[in-house]
Amino acid sequence: MKKKDIRIAYRKKRNELSEEDIEEKSLSIANKLLELPIWNYSFYHIFLSIKHLKEVNTEFILHILNGKDKNAVVSKSDFKSLGMQHYLLTDATPLKANSWGIPEPMFGIEIPPQEIDVIFIPLLAFDKKGERIGYGKGFYDRFLKECKGNSVKVGLSFFEALDKISDIDVNDIGLDYCVTPDKIYTFNQ
Ligand SMILES: Nc1nc2c(c(=O)[nH]1)N(C=O)[C@@H](CNc1ccc(C(=O)N[C@@H](CCC(=O)O)C(=O)O)cc1)CN2
Ligand SMILES: Nc1ncnc2c1ncn2[C@@H]1O[C@H](COP(=O)(O)OP(=O)(O)OP(=O)(O)O)[C@@H](O)[C@H]1O
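Residues numbered from 1 in each chain as written. Chains lettered and ligands numbered in written order. Predicted model: local features only at pLDDT ≥ 70, side-chain atom pairs only at ≥ 80, totals over all residues.

Under the annotation held in an unreviewed UniProt entry, the protein carries the name 5-formyltetrahydrofolate cyclo-ligase and is attributed to Mesonia oceanica.

Quick notes on the sheet that holds strand β9 (residues 152–156)
Filter applied, for reference: In this scheme, strands are said to pair when DSSP sees at least two bridges between them. Strands are runs of DSSP state E lasting at least 2 residues, helices are runs of H or I lasting at least 4, and numbering of each runs from the N terminus. Throughout, an axis means a line fitted to C-alpha atoms (over the contacting stretch in the case of helices), and angles, computed between N-to-C directions, take values from 0 to 180 degrees. Distance between backbone-placed C-beta atoms decides contact: two residues are in contact if it is within 7 Å.
Ordered by their spatial adjacency, seven strands build an open sheet running β3-β2-β1-β6-β9-β10-β11, and the pairing between neighbours is mixed. At either end of the open sheet lies a strand with only one pairing partner, and these are β3 (83–89) and β11 (184–186). Ignoring strand direction, the axes of neighbouring strands in this sheet form an average angle of 25 degrees. Note that strand β1 (residues 43–45) and strand β2 (residues 71–78) share three bridges and pair parallel. By the bridge assignment, Tyr-44 is partnered in β2 with Ala-72. Sheet strands touched by helix α4 (residues 139–146): β2, β3, β6 (118–122) and β9. Its angle to β3, the strand with the most contacts, is close to 65 degrees.

Below you can see the structure in the form of structure tokens.
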């Protein structure tokens, strides 16, 4: 299947989930994450969920990061340059939803991408090789390129892997792991 068709199909699939499905599946994903060998690091990048697009609710993961005394890093997106800036999330970080409904830090301590150890990535879909599809603006492809080579890239998905995304291009950066409510996928690329 091609990216464009996959985006349409998976936006629809996700939109059909109820609020209860989302809470339950998001909690299962957070619990499954505890089984990954990723908890000896310091800086964890996390996305803040766009509620009306029914993304994985990352609040459970934020609780885990808090409980483990990890540094949580969140981004501010620039829809002109398609770039993101990253800030430490603390109790004192003021958040405000941008025009796309993404909660963002208003200001804070900036963290360079090279400092980030683990990145939890929002997905619409992924395949058995660990290729991923987002909303199609390339924000994460640009961001992941700036991160250090040994950063750990963890996709979060409500649905299981597709066989193959056929139109992968040179800019696409794959996942190391993907976690669904029922399964952990490990990729070696
Ligand atoms: N929570 C979260 N934050 C994120 C991402 C994400 O996927 N999820 N991004 C990952 O790249 C970046 C933002 N990328 C985005 C790219 C496109 C659209 C978008 O197309 N939105 C809707 C329009 C708004 C609406 O429907 O209300 C759309 O066109 O359908 C949104 C965010 C950075 N931050
Ligand atoms: N590092 C980059 N530099 C320039 N253009 C890029 C880069 N990465 C991706 N792009 C371009 O951005 C566009 C969107 O990429 P793609 O379809 O892979 O988005 P996506 O991975 O679904 O979205 P996202 O990364 O926002 O989740 C493509 O035209 C791609 O070529």
